[in-house]
Amino acid sequence: SGPSACSMTIPVNIITGVLGVGKTTAIRHLISQRPPNERWAIVVNEFGALGIDGAILDTAGGLSKGDGGGSSKGDGGVIIREVAGGCLCCAVAAPFTVAVTQLLRRAKPDRLIIEPSGLGHPGRVHDALQDEHLGKVLRIAATIALVDMTQVARGGALVESEAFEDQVNCADVVVGAKGDVATAADQCRFTDWAQTLYPPKLAVHVIARGELAVDVLDTPLDEGDGWVMCKPAPMSSHAHAATDLAARLAAKLNATGTQPAATNAPGGDESRAGESRGRPARVVGGTEEFATFGLLFHRDDVFDRASLARGFESLAGEAKVVRFKGVVRVSATEWVAPFVDAASGTVRLDPVAWRRDSRIEVIVEGTGGRGAGTRKEVGF
């Protein structure tokens with residue numbers, strides 16, 4: 001079998017997680033569920049130089065080493081390529097691109113799975129997979145982040161690390177790992193934490209012993225609440241004001257002169273990322289106390305950073321706006337999120353790993369709220 005005739009692209013899943021969370025064990029379990037009529041190619045990256053994870057997967061799949069650093073099963077069903085000695089997104093970017101290109105040419109896989117180093121930045125892996133060459137033959141399917149539920153429950157430096165935040169931010173699906181050792185309280189804390197993530201995730205799962213179901217790889221990217229910034233609700237008495245504010249914000253952002261992405265790679269499906277370039281989809285809802293509105297932009301819309309900051313600062317100046325958040329593309333390979341500087345009150349734009357689209361969500365206080373002058377909360 002091969003890619004569907006309608007897409008003619010190969011689905012690629014990125015499976016991320018910090019060191020020791022169980023990525024290799026989960027991939028071993030996925031291999032055991034591979035449909036017999038599909039050929040898979042797997043790229044494994046390790047920070048060390050020896051490539052132990054690749055050897056473990058070889059053993060799990062009954063694989064034997066082939067030439068060129070790859071591995072091949074007897075029936076050609078699984079091909080494994082190791083890229084050891086660094087991080088896919090920086091130190092070994094060129095070897096990574098070469099490895100993927102060679103795999104696609106030689107193995108002609110039906111699916112590509114990438115396991116970056118636990119120290120890697122998956123947003124940059126996304127960028128590499130959507131360049132002018134690979135972007136023509138690959139379709140990024142669900143990106144999956146494995147999270148140690150016991151670590152989330154304890155908090156601390158690991159959960160606050162840049163690598164962890166990037167992996168979670170970039171993911172479409174978050175999987176709570178180590179359910180066999182996590183307590184019921186750990187799992188509850190993990191679930192509560194996962195529900196606060198922004199952008200919201202398409203799915204949240206809990207697994208034990210790395211037993212990740214193969215269906216997770218095909219999590220639909222154009223269905224579910226994860227692609228809806230605010231759940232629609234009947235128009236409240238003050239929702240019309242939110243609609244007006246949404247229209248003014250959209251006009252202000254569009255006035256900055258959005259540009260198509262320089263890479264022009266596939267992946268900006270209009271059905272889930274704005275109707276078309278420069279025409280964001282709008283969602284308005286809320287309750288009698290608060291109205292919500294969201295703007296969902298096409299992935300290929302690229303915003304001017306300075307103008308974007310001014311647009312967010314205008315939101316901070318709106319008396320009835322109590323909170324706003326977003327992730328917005330500002331260059332071919334960079335998305336940012338707004339944060340308020342507590343000292344100066346100005347809005348700064350910090351890099352984030354999200355890559356699917358651009359979106360902004362705002363909560364507006366209604367007539368039943370606490371009154372003007374409420375301190376703004378900004379984040380994502």
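Here the structure is shown first, and the text comes after it.
Residues numbered from 1 in each chain as written. Predicted model: local features only at pLDDT ≥ 70, side-chain atom pairs only at ≥ 80, totals over all residues. Heavy atoms only, no water.

By the criterion of burial, strand S15 (residues 321-331) is predominantly enclosed, with nine of the eleven residues buried. Direction of pairing for S15 relative to strand S16 (residues 334-340): antiparallel, over a ladder of three bridges. Looking at the pairing, Arg329 lines up with Trp335 of S16. Counting the residues in the hairpin turn of S15 and S16 gives two residues. (Buried < 20%, exposed > 50% of the residue type's maximum accessible area, 1.4 Å probe, protein only. Helix = DSSP H or I, 4+ residues; strand = E, 2+ residues; numbered from the N terminus. Pairing = 2+ DSSP bridges.)

Quick look at the packing of helix H4 (residues 122-129) against helix H7 (residues 162-170) now. The relative placement of two packed helices comes down to the angle between their axes together with the axis-to-axis distance. Where H4 contacts H7, the axes come no closer than 8 Å and their chain directions differ by 50 degrees. Comparing the axis directions of H4 and H7 gives the class oblique. Only Asp166, Gln167 and Cys170 of H7 make contact with H4, whose side of the interface consists of Pro122, Gly123 and His126. Looking at side-chain class alone, the contact of H4 with H7 contains two nonpolar, three polar and one charged residues. (Axes fitted to C-alpha atoms, helices over the stretch in contact; angles between N-to-C directions. Parallel < 35°, antiparallel > 145°, perpendicular 65-115°, else oblique. Contact = heavy atoms within 4.5 Å. Nonpolar A, V, L, I, M, F, W, Y, C, P; charged D, E, K, R; others polar.)

Turning our attention to the packing of aromatic side chains. Summed over the entire model, instances satisfying the criterion amount to four aromatic pairs. Between Phe164 and Trp193, the ring centres sit 6.0 Å apart and the planes meet at 35 degrees, which makes this aromatic pair tilted. Here the residue Phe164 occupies a position in helix H7, and Trp193 occupies one in helix H8 (residues 184-195), the gap between them amounting to 29 residues. For the residue pair Phe164 and Trp193, the accessibility class agrees, reading buried in each case. When the centroid spacing of 5.9 Å and the interplanar angle of 40 degrees are considered together, the rings of Phe190 and Trp193 count as tilted. With Phe190 and Trp193 both in helix H8, this residue pair falls three residues apart, about one helical turn. (Phe/Tyr/Trp six-rings, centres within 6.5 Å; stacked < 30°, edge-to-face > 60°.)

This paragraph deals with H7. Where burial is concerned, most of H7 is hidden: seven out of the nine residues are buried. For H7, the complete set of buried residues consists of Ala163, Phe164, Asp166, Gln167, Val168, Asn169 and Cys170.

Okay, unusual backbone geometry next. Cis geometry marks the peptide bond from Tyr198 to Pro199; its omega dihedral reads -5 degrees. Relative to the assigned elements, Pro199 resides in the loop between H8 and strand S10 (203-206). One non-glycine residue, Lys108, adopts positive backbone phi at about 45 degrees. Using a relative accessible area of 60% as the deciding quantity, one classes Lys108 as exposed. The backbone phi angle of Lys178 is positive, close to 65 degrees, even though this residue is not glycine.

Moving on to the nonpolar core. Ile15, Ile42, Ile144, Val147, Phe164, Trp193 and Leu217 are the most contacted members of the largest nonpolar core, which has 39 residues in total. For this core, the elements supplying multiple residues, two or more each, are helix H1 (23-32), strand S2 (40-46), strand S5 (78-84), strand S8 (144-148), helix H5 (149-154), H7, strand S9 (173-177) and H8. Of all hydrophobic cores here, the second largest spans 20 residues; its members include Leu103, Leu112, Ile114 and Ile140. (Core = buried A, V, L, I, M, F, W, Y, C linked by side-chain atoms within 4.5 Å.)

Moving on: the pattern of salt bridges. Counting across every chain of the model gives ten salt bridges. The salt bridge involving Glu211 is made with Arg209; its shortest N-O contact spans 3.6 Å. The class of Arg209 is exposed, set by a relative accessible area of 53%. Among the salt bridges present, the one from Arg329 reaches Asp300, with a minimum N-O distance of 3.8 Å. Residue Arg329 is found in strand S15, and its partner Asp300 is found in the loop between strand S13 (290-297) and strand S14 (301-302); the two are separated by 29 residues along the sequence. (Salt bridge = Lys/Arg side-chain N within 4 Å of Asp/Glu carboxyl O.)

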